[in-house]
Amino acid sequence: NNYNWFINQTTGELTSNGMPLNLQGANINNVNAIYSASGKWRISETGELVVESIKTKKLKVEEGVTTRDKSTGEYYCVFVDQGVTKTELGECSTP
């Protein structure tokens, strides 16, 4: 097939031969990364999701949450150990 791909510079819509892209439920494979047009979010090849805000109904965290101290700027890992919320200096890491 001979496809002519175009991106509308105003809307960002991707079209092929004048028709909007419709994958009809198919996967997108072998993608290095996905970036938003505004630069406010991205998904890296390593699975890192970078966004300015997250709004969700549920969130499951396996290893802890890294957060930054407002006063010192240092990072802390917040986690639960045997039902007790704890913190450790530094970013959370996989054991």
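Right above here is the structure, for reference.
Quick summary incoming for the structure in this document. Computed from a predicted structure; not experimentally measured.

A look at the sheet that holds strand S8 (residues 75–81)
Thinking step 1. The 3 strands are arranged S7-S8-S9 in an open sheet whose pairing can be described as antiparallel. The strands lining the two open edges of the sheet, one partner per strand, are strand S7 (65–68) and strand S9 (84–89). Put simply, the sheet's adjacent strands are angled 30° from each other on average, direction ignored.
Thinking step 2. Across 4 bridges, the pairing between S7 and S8 is antiparallel. Counterpart to Val-65 in the pairing with S8 is Val-78.

What about the environment of Asn-32?
Thinking step 1. Along the chain, Asn-32 falls in the loop between strand S3 (19–20) and strand S4 (34–35).
Thinking step 2. Separated by 22 residues in the primary sequence, Asn-32 and Thr-10 have C-alpha atoms spaced 24 Å apart.
Thinking step 3. What Asn-32 contacts, discounting residues up to four positions off in sequence, is Ser-44 and Glu-45.

Details of the state of the cysteines
Thinking step 1. Here the structure, examined in full by the defined rule, presents 1 disulfide.
Thinking step 2. Across the disulfide, Cys-77 is cross-linked to Cys-92 (sulfur-sulfur distance 2.0 Å). Around the S-S axis, the bridge from Cys-77 to Cys-92 shows a dihedral of about 105° and counts as right-handed. You can see Cys-77 sitting in strand S8 and its partner Cys-92 sitting in the segment after S9, a full 15 residues away along the chain.
Thinking step 3. The buried category is assigned to Cys-77, whose relative accessible area is 7%.

Things to note about the pattern of salt bridges
Thinking step 1. This model, assessed by the stated rule, comprises 2 salt bridges.
Thinking step 2. Across the salt bridge formed by Glu-62 and Lys-60, the nearest N and O atoms sit 3.9 Å from each other. Exposure class is identical for Glu-62 and Lys-60. Each is exposed.
Thinking step 3. As a salt-bridge pair, Lys-86 and Asp-81 come within 3.3 Å of each other at their nearest N and O atoms.

Here's the deal with the pairing of S9
Thinking step 1. Taking burial as the measure, the 6 residues of S9 include 0 buried ones, a minor fraction of the element.
Thinking step 2. From the end of S8 to the start of S9, which pair antiparallel, there are 2 residues, and Gln-82 there has a positive phi angle of about 50°.

Calculation rules
- Residues numbered from 1 in each chain as written.
- Predicted model: local features only at pLDDT ≥ 70, side-chain atom pairs only at ≥ 80, totals over all residues.
- Heavy atoms only, no water.
- Pairing = 2+ DSSP bridges.
- Helix = DSSP H or I, 4+ residues; strand = E, 2+ residues; numbered from the N terminus.
- Axes fitted to C-alpha atoms, helices over the stretch in contact; angles between N-to-C directions.
- Contact = heavy atoms within 4.5 Å.
- Disulfide = S-S within 2.5 Å.
- Buried < 20%, exposed > 50% of the residue type's maximum accessible area, 1.4 Å probe, protein only.
- Salt bridge = Lys/Arg side-chain N within 4 Å of Asp/Glu carboxyl O.

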